[in-house]
Amino acid sequence: MKRRKITALLASAIMVGSLLAGCAGAAPAADAAAPAADSGEEAAASAEEAPAAAAEAGSNSLTVWAWDANFNIPALKAAEADYKANVDPDFTLNIVEQSQSSDIENAITLAGSSGDYSQLPDIVLFQDHFIQRYVADYPDAFVDVNDAEVDWTDFGEEKLSYSTIDGKHYGFPVDNGTCIFAYRVDLLEEAGYTIDDMTDCTWEKFIEVGEAVYEKTGKYLLSMDGDGNDLFYLMLQAEGLSQFKDGKPYITENETLVQIVNIIHEMCEKNVCYLANDWGDYTDQTIIGDMVAGVMNGNWIIPTIRQVAENSGKWEITNMPTINGGGGYAANGGSSLYVTGNCKDTDLAKKFLAATFGGSVETYDNALRDGGVVTCCISAGQSDVYNEGVEYFNNTPIYAQIVEMGGHVPVIEQNDFHYTARQYMAAAMININNGADVMTELKNAEDQLIFEMEGAAQ
Amino acid sequence: MKKKGKSIQAKQQRAGWIYLTPATLLIFVMSFYPIIQALITSFRTGPSSRMKWASPLTWNYTRMFQDKLFMRSVGNTFLYLIVQVPIMLILAMILAQILNNKDLKFKGFFRTCVFLPCAVSLVSYSLIFKSLFATQGLMNHILTSIGILKENYNFLGNPGSAKAIIIIALLWRWTGYNMVFYLAGLQGIEYSVYEAAKIDGANSWQTFWRITVPLLKPTIIMTFIMSINGTLQLFDESVNLTSGGPANSTITMSHYIYNNSFGVGVANFGYASALSFFVFILVAILAAINMKVGDTRD
C-alpha cells in the first residue's frame, strides 16, 4: 500500500516536473522579448538573424529544384562550376532533386492555391508545355527575366516561344527538345536499306522499310508510349501544323491530322510501329529491351538509347519522315529555368542564369559531356565538343547535327492544353487500333478537349 | 440524498465531455472543417489562385453529367463494385467456413496466409501485379509455356483484360481482410447451436442458411458497407496498375478526381470538389439502402 502511494507520488512529481519544464522552455523566450523591446537595435539584429537561416540565398547562394539526375542535374552542376570559376568563387548552388517534373508543378499549384509562396526555391526547372498556363493562373509564382543581360536572339526561336509570355522573357532555356530519328543502321542494312534512304523520306516509304525490317529482323522500326502518345504532335509539327488553331482544338477538321492518324493506324497494323502501354514500357521494354530498330523522340531520349551497351556504333540519326517527303523537323518536351516569385535575390538569380545558361560555352560543353544536354543556344552549339564524333552513334557528330536540325523546327501554335490534347488523342488512337471508327473517335477526343477547355475558361 | 445523486451524475457527465473534447475538436478541425471547405469550393470555379463563385452556383454539379469521361469512370467503378464485391464476399465466407472447421490442422498458418495480402501496401501490390501481367511478365511466361496462350498477351493494353486484372488484384488484396471478420463472427456462434441443429437432422446446407447466415448478418452488412465504400473510392489500383488506361477504360472516380486536381495541367479544384461530393452522396445512398435492407429490427 505504501509503496503504491510512493509510486503515485513519484509519477505525479514527474508529471508536474515535465509541465514545469514545458513552461520553463517557453519562459525565456518571453523574457527575451521584453528587453528586446527596450533596445530596438537588438531586436532588429535578432530578427535579421532568424530568417537568415531560411534564406541563406540572400548573399551568394541560390536554391534550385530540378529533376532527372542523369540529364538536367549535371547541367545545373556544370553551370554552378562555371559561375564559381569565372564570376564568384564563393557562390553555391543548392540543387534539390525532385523525382519528376510534376512534383514541381504540384508545388507551384499548392503554393498558388494557398497564396503562400514562401516554400518555393529561388529557381525552378519547369516543363515548357506547361509554363504559359502556370504563369497565367499563378502570376505571382514567377517573375520575368526580361532585363537579364542575355542575347535572346542567340536562342532557337521555337524554344523561346514557350517561355516568352506577353512579349516578356520568363525563362532561361536549358535543353533543346529537337526531335531526332535514330535508326539501327545494321538492321536497316539487313533489310536492304541505308540511313540515306530514311533521310527526307515519306511516311509511305517509311512503312515499306518498316515492313521489310520487321520481316527480316523481327524488330519494330518505331515505338511510342501509347498512353502519352507524342506521335500526333511530332508528325503534325513536322508538317508545320498544330492540333490547335486560334486557341481552339483543330482535330476533326484538320485533314492532315486525320491523315496522320490513319498512317499511325497503318503502321501499327503492319508491325511497323509498336505502342507501349505506358512510359516505363516504352523506355524499358521497347528501347532498352531492344525491341526496336528506330527511335523517334526529343533528343533527350539519347541517354535511354545508349543504355544498351552492346548496340554501340550501330545507331545513326537523321530527320523525320513527312507525308510528302523532304525532311521533317519537330521538337518535344524540353524544359527551362524560371525565377520564382519567392526568390530572395532576383538580381543574383538573373546574373547567375545569364552568365551560364545565357550562352556560356563552358556551361553548355560540360552539360553536354556530363548529361547529354544539347543546347538551343546557337553560338554555344558551335563549340568543338559539339563537333566531336560520338562513338555510340557510329562516330557521327550527332550533337552538331541536332543543333543544325533545331534551326529548322517550325514554330507552331502552342496551347496550355497540350498534354490534355495528347491524353485524349492517345485514347482515341488505342480505340482506333482496337477497331473503332476513326472519325467518331477523333470527334470524341475533340469534344472532351473542348469540354475541358470550356471548364477552365468559366 | 437525491440532490447529491444528481450532482454525481452531472459530475460524471461533465467528466465524460471533458474526455471527449480533445477527440471532438481534432475531428472537427481535421475532418469536418475541410469537408465544409470542400463543399464551398465545389461551388467555385477558376484557377485556384483566384477562384470565384460559379454562375449559376451549381455549374460544377450540372457539368459533371455532361462529362463523358466522368460518366465512364462512374461506369467503371460500378462495374468493379458489381462484379468484385459479391465474388469477394462469397470467397471470404467460404474461406472462413473452411478455416472454422474444428478438424483443420495448421489453422493459424492458413489464416495468416489468407490475411497476409492485407499487410501489403496498396501501391506496392499494384506495381507487383503490373509487372506480373506485363506483356513480358511472369503470367505471360507461365501461360505460354503451359500452352494456354500461343503468344504473349498484352493484358494491360486491352480494355477487357485490364478491367479483369484490376478485379483479380482487388480480390487478392481484400478477400482475406473480409474473411477475418467472418471468421471472428463464426467463432462467436455457440457450437451448441450447431449441435442442436444436427440432432434435429439439419444438413450442412440448411445449417449454413438457417443458422450461420442469420447470426452473421451484422457482420455481413458491415463487410458489404465497407466494401462498397472502399470500391467507390478505389484509387491506388487505377493509378498504379493501369494508370486508368488503356484509353481511360479502367479509370475510377477517385482517379478522375485526382486528375482534375493534380493530373494533367492546372488544378481545377472546384470541379474536383464537386465530383467528390457526388461520390460522397453515392456512398451515403448505398450505405443507407444496405442498412435498411439488412435491418430486421421492428
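Calculation criteria
Along every chain, residues carry numbers that run from 1 in the direction the sequence is written. Lettering of chains starts at A and numbering of ligands starts at 1, both following the order in which they are written. Where totals are concerned, whole chains, interfaces and linings use all residues; where local detail is concerned, this predicted model gives features only for residues with pLDDT of at least 70, and gives and counts side-chain atom pairs only at 80 or more. Only hydrogens and water are set aside; all other atoms, that is, all heavy atoms of the structure, feed into the side-chain values. Strands here are runs of E lasting at least two residues and helices are runs of H or I lasting at least four, both read from the DSSP assignment and numbered beginning at the N terminus. Remark: exposure states derive from per-residue accessible area (1.4 Å probe, protein chains only) relative to the maximum for the residue type, with buried under 20%, exposed over 50%, and partly exposed in between. Only heavy atoms matter for contacts: two residues are in contact if any of them lie within 4.5 Å across the pair. Here, Shrake-Rupley sampling with a 1.4 Å probe gives the accessible areas, and only protein chains in the shown set may cover a residue. When a carboxyl oxygen of Asp or Glu lies within 4 Å of a side-chain nitrogen of Lys or Arg, that pair is called a salt bridge. Each residue gets one of three labels, nonpolar for Ala, Val, Leu, Ile, Met, Phe, Trp, Tyr, Cys and Pro, charged for Asp, Glu, Lys and Arg, and polar for the others, Gly among them. In this analysis, strands are considered paired if DSSP registers two or more bridges between them. For helices, the axis comes from a line fit to the C-alpha atoms of the stretch in contact; other axes are also lines fit to C-alpha atoms, and the angle between any two N-to-C directions lies between 0 and 180 degrees. By convention the crossing between two helices is left-handed if the near helix lies anticlockwise of the far one by an angle smaller than a right angle, and right-handed if it lies clockwise. All domain edges in this entry derive from an automatic or database-based domain assignment. Accessible area, probed at 1.4 Å, shrinks when two parts are joined; the buried area is that loss added up over both. Grouping into patches uses exposed residues only, defined as over 30% relative accessible area, and leaves out salt-bridged ones; the cut-off is 9 Å for like charges and 5 Å for nonpolar side chains (Val, Leu, Ile, Met, Phe, Trp, Tyr). Take the buried Ala, Val, Leu, Ile, Met, Phe, Trp, Tyr and Cys residues and link them wherever side-chain atoms come within 4.5 Å; each set so joined is a nonpolar core. Each Phe, Tyr or Trp ring (for Trp, its six-membered ring) is paired with any other whose centre lies within 6.5 Å, and the angle between the two planes then decides the class: stacked below 30 degrees, edge-to-face above 60, tilted in between. Helices are assigned an expected span. That span is 1.5 Å times one less than the residue count.

(A) Up close: the overall build of chain A. When you go through chain A residue by residue, the secondary structure sums to 19 helices and 14 strands. For chain A, the proportion of its 458 residues judged to be buried stands at 55%. In chain A, 75% of the contacts between residues at least 6 apart in sequence involve partners at least 24 apart. On chain A, roughly 19200 Å² of surface is accessible, and the fraction owed to carbon and sulfur atoms is 49%.

(B) Structural view of the interface of chain A and chain B. Each partner contributes residues to the interface: chain A has 33 residues there, and chain B has 37 residues. At the boundary of chain A and chain B, one finds 2 salt bridges. With its nearest N and O atoms 2.7 Å apart, the salt bridge here joins Lys130(B) to Asp278(A). When residues of the side of chain A that touches chain B are traced back to their parent elements, those giving at least two are α4 (101-114), α5 (128-137), α18 (418-433) and α19 (438-457) of chain A. Looking at the side of chain A that touches chain B residue by residue, the class counts come to 12 nonpolar, 14 polar and 7 charged.

(C) The arrangement of the sheet that holds strand β13 (residues 315-318) of chain A in detail. Residue and element names in this part refer to chain A. Spatially, the 3 strands line up as an open sheet ordered β12-β7-β13, and their pairing is antiparallel. Two strands close off the open sheet at either side, each with one partner strand: β12 (294-298) and β13. The average undirected angle you get between the axes of adjacent strands in this sheet is 25°. One ladder, built from 4 bridges, connects strand β7 (residues 179-184) with β13; its direction is antiparallel. Looking at β13, one finds that Ala-182 is bridged to Ile-317.

(D) Geometry of the packing of helix α8 (residues 191-199) of chain B against helix α9 (residues 204-232) of chain B. Residue and element names in this part refer to chain B. At their nearest, the axes of α8 and α9 sit 11 Å apart, and the two run at 145° to each other. You can see that α8 and α9 cross each other, and the crossing is right-handed. Facing α8, whose interface residues are Val-193, Tyr-194 and Ala-197, α9 presents Thr-207, Ile-211 and Thr-212. Residues that form the contact of α8 with α9 fall into these classes: 4 nonpolar, 2 polar and no charged.

(E) Fine view of the pattern of salt bridges. All names here are of chain A. What the rule picks out here adds up to 12 salt bridges over all chains. Across the salt bridge formed by Arg-184 and Asp-186, the nearest N and O atoms sit 3.0 Å from each other. The exposure class assigned to Arg-184 is buried, which follows from its relative accessible area of 4%. Where salt bridges share partners, they join Asp-128, Lys-159 and Asp-175 into one cluster.

(F) Region of the structure containing the domain arrangement of chain A. Residue and element names in this part refer to chain A. We note that the domain assignment places domain 1 (3-176 + 334-385) and domain 2 (179-330 + 413-457) within chain A. Each partner contributes residues to the interface: domain 1 has 12 residues there, and domain 2 has 12 residues. Regarding the contact of domain 1 and domain 2, the summed buried area is about 1100 Å², with carbon and sulfur atoms giving 51% of it. It is Phe-71, His-129 and Arg-133 in domain 1 that bury the most area against domain 2; as a group they hold 49% of the surface buried on that side. Where domain 1 touches domain 2, the interface holds 0 salt bridges.

(G) Quick peek at the environment of Lys84(A). Residue and element names in this part refer to chain A. Following the sequence through the fold, Lys-84 ends up in helix α3 (residues 72-86). Along the backbone, Lys-84 and Ala-66 are 18 residues apart, and their C-alpha atoms lie at a distance of 20 Å. Excluding residues that lie within four positions of it along the chain, Lys-84 makes contacts with Pro-89 and Phe-91.

(H) A look at the pairing of strand β8 (residues 222-225) of chain A. Residues and elements named next belong to chain A. The alternating pattern of β8 places Leu-222 and Met-224 on one face and Ser-223 and Asp-225 on the opposite face, and all of these are buried. Here 4 bridges tie β8 to strand β11 (residues 273-276), and the two strands are oriented parallel to one another. Its bridge partner lying in β11, Leu-222 is registered against Cys-273.

(I) Quick peek at a nonpolar patch on the surface. Residues and elements named next belong to chain B. A grouping of Leu-26, Ile-27, Phe-28, Val-29, Met-30, Phe-32, Tyr-33, Ile-35, Ile-36, Ile-40, Trp-53 and Leu-57 is seen on the molecular surface, where their side chains present a nonpolar patch of about 1200 Å² in accessible area. In terms of residues, the nonpolar patch owes the most to one element, helix α1 (residues 2-41), which gives 10 residues. On the secondary structure map, Leu-57 appears in the loop between β2 (52-53) and α2 (59-63).

(J) Structural detail: the nonpolar core. Counting residues in each nonpolar core, the largest one holds 115 residues, and the members touching the most others are Phe206(A), Leu221(A), Met267(A) and Met296(A). If you tally residues by element for this core, the top one is helix α3 (residues 68-99) of chain B, at 12 residues. One finds Ile73(A), Ile287(A), Ile302(A) and Val373(A) within the second-largest nonpolar core, a separate group that totals 93 residues.

(K) Broad picture of unusual backbone geometry. Here the residue pair Ser55(B) and Pro56(B) is connected by a cis peptide bond, since its omega of -5° sits within 30 degrees of zero. Note on placement: Pro56(B) falls in the loop between β2 and α2. Notably, Asp200(A) is not glycine yet its phi reads approximately 60°, a positive angle. One can find Asp200(A) in the loop between α8 (195-198) and α9 (203-217).

(L) Layout of the packing of aromatic side chains. For the structure on display, the rule yields 42 aromatic pairs over all chains. On the basis of an interplanar angle of 75° and a centroid distance of 5.7 Å, the ring pair of Phe126(A) and Phe142(A) is categorised as edge-to-face. Linking Phe126(A) in strand β3 (residues 123-127) with Phe142(A) in the loop between α5 and α6 (157-163), this pair joins segments that are 16 residues apart in sequence. Owing to a relative accessible area of 1%, Phe126(A) belongs among the buried residues under this scheme. Aromatic side chains Phe70(B) and Phe278(B) sit 5.4 Å apart centroid to centroid with 70° between the ring planes, which places their arrangement in the edge-to-face category. Here Phe278(B) lies in helix α12 (residues 269-294) and Phe70(B) lies in helix α3, a separation of 208 residues in the sequence. Aromatic rings pair up to connect Phe126(A), Phe130(A), Tyr134(A), Tyr138(A), Phe142(A), Tyr338(A) and Tyr419(A) into one cluster.

(M) Local environment of helix α11 (residues 255-269) of chain A. Residue and element names in this part refer to chain A. End to end, α11 covers 21 Å across 15 residues, agreeing with the expected 21 Å (1.5 Å per residue, within 8%). Those residues of α11 that sit buried are Thr-256, Leu-257, Val-258, Ile-260, Val-261, Ile-263, Ile-264, His-265, Met-267 and Cys-268. Looking one or two residues beyond α11, the residue adopting positive phi is Asn-271, at roughly 60°.

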